[in-house]
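Topology and contacts: notes
Residues per chain, in single letters:
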Amino acid sequence: LTATDAAGNSSTCSFLVTVTDQTPPTFACPANTTVAAGANCGAILANYAASVTASDNCSANPNETQSPASGTAISGAQVVTLTATDAAGNSATCSFVVTVADQTPPTFACPANTTVAAGANCAATLANYAASVTASDNCSANPNETQSPAAGTSISGTQTVVLTATDAAGNSSTCSFVVTVVDQTAPSITCPANTTVAVGGVNCNATLGNYAASVSATDNCTANPNESQSPVSGTTISGVQVVTLTATDAAGNSSTCSFNVTAIDNVAPTVTCKPFVTTLGANGTVTVNTADVFQSGSDNCSTVNQVSVTPNTLTCANIGLTTVVLTVSDNSGNTATCSAIVKLSDNLAPTVVCKNFSASLNATGTVTITPANVFQSGTDNCGTVAPITVTPATFNCSNLGNNVVTLIAIDGSGNQATCSAIVTVTDPIAPVALCKNAIVSIPNTGSASVTPTMINNGTTDNCSFTLAVSPATFTCAQLGLNTVVLTATDASGNTATCSATVNVRDLTGPVALCKNATIFLNSTGEATLNPSQVDNGSFDACGIASMTVSDNLFNCSDIGTPIAVFLRVRDINGNLSTCTSYVTVRDNTAPTASCEDVQVTLGANGKVAVYGAALAAGSTDNCGVWSYTPIAKVYTTANIGVNYLTITVKDWSGNAATCVSEVTVFPSDNLGGNGNGTQSVNDEEEDLDSEILESEITEELTIEIDSDISMALDNTKIEVLIYPNPTMHDAFVEFELPYKSDYRVVLMDATGRLAYASNGYGAEGFNRLVLPMSELPSGVYFMELRAGTLVTRKQLIRQE
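Quick caveat: nothing in here was measured; it's all calculated off a predicted structure.

**Here we look at the overall build of the protein**
Each helix and strand counted, the protein has 6 helices and 63 strands in total. In terms of overall dimensions, the protein is more spread out than a globule: its C-alpha atoms have a radius of gyration of 60 Å, far above the 28 Å expected for 800 residues. Here the C-alpha coordinates of the protein stretch approximately 185 × 80 × 45 Å along the principal axes. Looking at the 800 residues of the protein, the share that counts as buried comes to 38%. Taking the contacts inside the protein whose residues are at least 6 apart along the sequence as the reference set, 61% of them involve residues at least 24 apart. Averaged over its 21 positive side-chain charges, the protein has a centre that lies 12 Å from the centre of its 62 negative ones.

Right under this line is the structure:
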C-alpha cells in the first residue's frame, strides 16, 4: 500500500495475501452392487476407486483411495468407502455396499445306471439313492438333496431317477440315472418221484417216456415257462438213468430238477475182492468199507453196487490179518460175495487234555513249570498216555499274563500227541519306592510341573514299573516347601509309595513388554516420563511389584532423536526383567516474543540496518530462542519516519511467535551519529551494499530448522549426541558415520553469523570432536555437521 501527500511525499507498507485451497474434491460412488461368492462363500474386492473420477477446483487429479483396499477378502455385506484428497489435503468420502451373493449351485454326481432284481408281479421298489450321494457347495455345508420318483416307489421296466441338490440360497443342480428292473428269478419246477421201467430184449434196454409233459412250472414274470427234458423222451436206457427237467423263463433264467428212472433185471452180478491195509481209529476201532476190498464187478444190465462187508468193524484185538466177506448187488437187487484179507495196525496218536496253571514270579523275576503242572488227562485207542515235555517251561517279567504252552504225551505204541494250556504268570512282589527332594521354578505360564524322574531316587522292582507323582502341578500359591507322594506301580498292579519335599520357587523374571512414547516439554523445558507411558502390558505369573524407568527426566537437549529408555519390571519375588523403549521428546510451546522500539539515523550512504535478534532480544522460550526473522532490515530515505517491523521468533522445534518493533528512521543530517539512543550504520557499514546484505541474510545466514532436526540429503541420518547441553565450558560431539568421509563442523550464533568452523576426517562408525564453547559468549548457537551428502543440525546453548 502506498500513501502520498500533497507534496508528493509517499510511504509504503506491505502484507501477504495467501490463497489457500479449502474446497474438497467432488465425486460420486458407484451404486450398491452384488458380487458372486467364490470358494468358502467369500469374494475379493475389486478396485472401485479406479472406476471413479474425482474433480477439484485446484488439483487436476485428486488422489483416490479405497477402504477396504482392493484385493480384500469379504463375505456378506461390506461397506466400501472411497476417499478423494486434493493437494491441499482437503478430502471427501462416499460409501456404497458390496454384497456377496451365493449364485453357485451345489455340485454332485449321480450313481451310475443300475439294475434291480424283479420281485413278485415282476416289479421292484426304488431305493433311497439320495442318501448315498454327497453334494458340496461353496456356501452351504449340507445342501438339501431330493429324489424323484421318491424312495419306496414301485417300478417296472426302465425308470429314470432324478436327484436334485439345493443350497441355502436356492441354487440347485440336478443329475439323473436309469434304474432297470430285470428278471433274475428262475422258474419253479418239481420233478416226479424216482420210477422204474422194465428191461426189454436181451440188451437190458428200456425207453424213456415224456416226463416234461406231466410237470407244470411257475415264474414271477413269465406265465408259461418253457420246459425241456434230458435225455429226451424215446431215449434208450439201461440200469439207472438220471433224467433232468429244465424250466426257462422269457429272461433266460432257468431251474432244473432230476429224478431216477431204473431199468429192472434179475441176473446176479459177479465180484472180485482185493486185500486192504488200514489202521485203528481214535475209539480203538476201524470200519472196513465195501470200496476198501472191492476190486471189480460186472452185471448183465447195470453196474455192481457194493452192499456190505462182514465183519466191517475191527478192534485192537484184530491187529494183524483178518478175513472179511464183501457182498454186492446189481440195480435189480441181485447179490454176490467174495472174501478179502485186511491187514490192521495202530498208528493213531493218543489224545491229551491240558489244564491251565498259575505261576508266580520269584524275587529274580523268573519261574519254571513241569509237564505235570499242565497235564490233566490222556486217552488212547489201545493204551495209556504219559506226559513227557512242556514248552516253554521258564518264564520271566516279559511273560506276565497268559502264556500258551505246548505239552507232548505218548501212548504205549510210541505215538505222540500235543495239547495247549494257558500258564498265567503273576507278580506278587511290590516295588521298593525311594524318593529324593526337588526344586522347581514357576514359569511365566503360572504353573510348574514335577515329573516322577525329578524325585525318583532309585526305585526298584523285580519287573518293570511306572512312576506317578501327586500333586504334580504347582502355582504361585504353593511357593515354598510342599510334600508330594511318588507312587511306583508294576505291570501286575503292585504299588509302593514314598514322600518327598518339593521346594517351589519363583526364579523367572516377569515378561517385560515395551512400547515407544512421545512426551512434551513443559514451560520450564522439562518433562517427566512415567513407567506406565512405555509399559505395553508387562506381566508376571506371581504378580508385578514395581516398574521403573532408567531415565525419567528430560530437557531441551533431548529433543529430536529418540532416546533409548529401559523399563525395569520387578515381580513380587524380586525377579527383574527389562525391555527397551524409545522416547521422543517434543517441544510444542511457542516462544514469548518481545520487541523493543528503536530510533536509527541514516548513514552517509542514505542507508541504515537494524537486526531482528537485537530488537527481539527480550524474547524468551522454554528451550531458548534460536532464530529471528528477518535477521536484518535495511532502511533508506524512503523510510524516514515511523516504520513497523514484524519480527518472527522461532524456537529449536519450529514453534513461532511474532512481535512488532517501532523503528523510527531519521535523516542523516538530523541528529547525526548515535545520539539520543539512535542507531546508525558505522563507517564500515556505510560501504555495505544493501542488496548484497539482504541476499546474504536470506540465502546464506538464515538457518531454518524444522521438526526433523536430523536429516540427510540421501535419506541417511547422522546420529549425533551433544553434551553437556546447555554447557558452561566446552561441549563434546559424538556421531556415527556409515562410511569414511571428510566432515565439516560449522557453529553459528542466533543472528546467523559464523562463530566457529572446523574440518576433519571421520572414520566409519564412532567419531568424537570438541566444540570450544568456553571461548564464545553466552547465547544460543546452531551447529551444522556435514559429511559427504549427509547433514545434521543441532541447537546448543552456552551459559555462564
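Let's pick the thread back up.
**Points about the sheet that holds strand β15 (residues 195-198)**
Spatial ordering of the open sheet is given by β15-β20-β19-β17, a layout of 4 strands whose pairing is mixed. Edge strands, defined here as strands with exactly one partner in the open sheet, are β15 and β17 (226-230). Strand after strand, the sheet turns through a mean of 25 degrees between neighbouring axes, direction not considered.

**A few points about the state of the cysteines**
Under the definition given, this model contains 14 disulfides. A sulfur-sulfur distance of 2.0 Å marks the disulfide that ties C122 to C221. In this structure, the disulfide formed by C122 and C221 twists by about 100 degrees around the S-S bond and is classed as right-handed. With C122 in the loop between β9 (114-117) and β10 (124-125) and C221 in the loop between β16 (206-207) and β17, this residue pair connects regions lying 99 residues apart in the sequence.

**What about the sheet that holds strand β7 (residues 77-85)?**
One open sheet accounts for 4 strands, arranged β3-β8-β7-β5; its pairing is mixed. The open sheet has two free edges, formed respectively by β3 (33-36) and β5 (63-67), since each of these has just one partner strand. Direction aside, the axes of adjacent strands within the sheet are offset by 30 degrees on average. Both β7 and strand β8 (residues 91-101) contribute to a ladder of 9 bridges, which runs antiparallel. Bridge pairing in β8 places Q78 opposite V98.

**Thoughts on the pairing of strand β14 (residues 172-182)**
Along any regular strand the residues' side chains alternate between the sheet's two faces. Side chains S173, C175, F177, V179 and V181 of β14 all project onto a buried face; the interleaved residues S172, T174, S176, V178, T180 and V182 project onto a face where none is buried. Sheet analysis places β9 next to β14, joined by 4 bridges and oriented parallel. Within the sheet, the bridge partner assigned to T114 lies in β14 and is V179. Sheet topology places strand β13 (residues 158-166) next to β14; 9 bridges connect them, and they run antiparallel. Bridging from a neighbouring strand, T166 pairs with S172 of β14. In this structure, the hairpin formed by β13 and β14 is closed by a connection of 5 residues, where G170 is found at a positive phi of approximately 90 degrees.

**Some points on the pattern of salt bridges**
Applying the stated criterion to the full structure yields 3 salt bridges. Here E734 ties to R768 by a salt bridge, and the two come within 3.8 Å at their closest N and O atoms. You can see E734 sitting in strand β58 (residues 731-737) and its partner R768 sitting in strand β61 (residues 765-771), a full 34 residues away along the chain. The class of R768 is partly exposed, set by a relative accessible area of 47%.

**As for a nonpolar patch on the surface**
A cluster of nonpolar side chains, contributed by L1, F15 and V17, occupies part of the molecular surface with about 390 Å² of accessible area. As for its placement among the helices and strands, L1 is situated in the segment before β1 (2-4).

**Focus: the side chain of T278**
With respect to the helices and strands, the residue T278 is situated in strand β22 (residues 276-279). Look past the residues within four positions of T278 in its chain and what remains in contact with it is V286, V342, K343, L344 and S345.

**Comments concerning the packing of aromatic side chains**
Under the definition given, this model contains 5 aromatic pairs. When the centroid spacing of 5.1 Å and the interplanar angle of 75 degrees are considered together, the rings of Y129 and F177 count as edge-to-face. Highlighted residues: Y129 in the loop between β10 and β11 (144-148) and F177 in strand β14, separated in sequence by 48 residues.

**Things to note about the environment of S136**
On the secondary structure map, S136 appears in the loop between β10 and β11. Owing to a relative accessible area of 41%, S136 belongs among the partly exposed residues under this scheme. As for S136 and P106, which are separated by 30 residues in sequence, their C-alpha atoms are 5.6 Å apart. Not counting the four nearest positions on each side in its chain, S136 is found in contact with P106, T107 and P143.

**Examining unusual backbone geometry**
A cis geometry characterises the amide bond from T391 onward to P392, with omega recorded as -10 degrees. For P392, the location among the structural elements is in the loop between β33 (385-391) and β34 (394-396). Here the residue pair Y723 and P724 is connected by a cis peptide bond, since its omega of -15 degrees sits within 30 degrees of zero. Relative to the assigned elements, P724 resides in the loop between β57 (720-723) and β58.

**Observations concerning the environment of V791**
On the secondary structure map, V791 appears in strand β63 (residues 790-798). Look at V791 and you get buried, because its relative accessible area is 3%. Residues V791 and G252, spaced 539 residues apart in sequence, show a C-alpha to C-alpha distance of 105 Å.

**A short note on the side chain of D571**
Looking at the secondary structure, you find D571 in strand β47 (residues 563-571). Buried and unpaired, D571 has no salt bridge, with R570 as the nearest side chain of opposite charge at 7.1 Å. Among the polar contacts made by the side chain of D571, one reaches the main-chain amide nitrogen of N573 at a distance of 2.9 Å. A polar atom in the side chain of D571 sits 2.9 Å from the backbone nitrogen of G574. What D571 contacts, discounting residues up to four positions off in sequence, is D506, T508, P510, D540, G543, I544 and A545.

**Quick look at the confidence of the model for the protein**
Note: predicted coordinates in regions of low pLDDT should not be interpreted at a detailed level. Here the protein shows a mean pLDDT of 87. Residues at 70 or above account for 93%. Contacts for the low-pLDDT stretch residues 670-715, under 50 throughout, to residues beyond four places or in other chains number 88 contacts.

**Observations concerning the environment of T451**
Take T451: it is sitting in the loop between β38 (448-449) and α3 (452-455). Look at T451 and you get partly exposed, because its relative accessible area is 37%. Here the alpha-carbon distance between T451 and L467, two residues 16 residues apart in the chain, equals 8.9 Å.

Rules and cut-offs
- Residues numbered from 1 in each chain as written.
- Predicted model: local features only at pLDDT ≥ 70, side-chain atom pairs only at ≥ 80, totals over all residues.
- Heavy atoms only, no water.
- Helix = DSSP H or I, 4+ residues; strand = E, 2+ residues; numbered from the N terminus.
- Rg over C-alpha atoms; globule rule 2.2 N^0.38 Å.
- Buried < 20%, exposed > 50% of the residue type's maximum accessible area, 1.4 Å probe, protein only.
- Contact = heavy atoms within 4.5 Å.
- Lys, Arg positive; Asp, Glu negative; His and termini not counted.
- Charge placed at Lys NZ, Arg CZ, Asp CG, Glu CD.
- Pairing = 2+ DSSP bridges.
- Axes fitted to C-alpha atoms, helices over the stretch in contact; angles between N-to-C directions.
- Disulfide = S-S within 2.5 Å.
- Salt bridge = Lys/Arg side-chain N within 4 Å of Asp/Glu carboxyl O.
- Patch = residues over 30% accessible without salt bridge, like charges linked within 9 Å, V, L, I, M, F, W, Y side chains within 5 Å.
- Areas by Shrake-Rupley, 256 points an atom, 1.4 Å probe, with all protein chains shown as cover.
- Phe/Tyr/Trp six-rings, centres within 6.5 Å; stacked < 30°, edge-to-face > 60°.
- Polar contact = N/O pair within 3.5 Å; in protein donor to acceptor, adjacent residues only side chain to side chain.
- pLDDT = per-residue confidence, 0-100.

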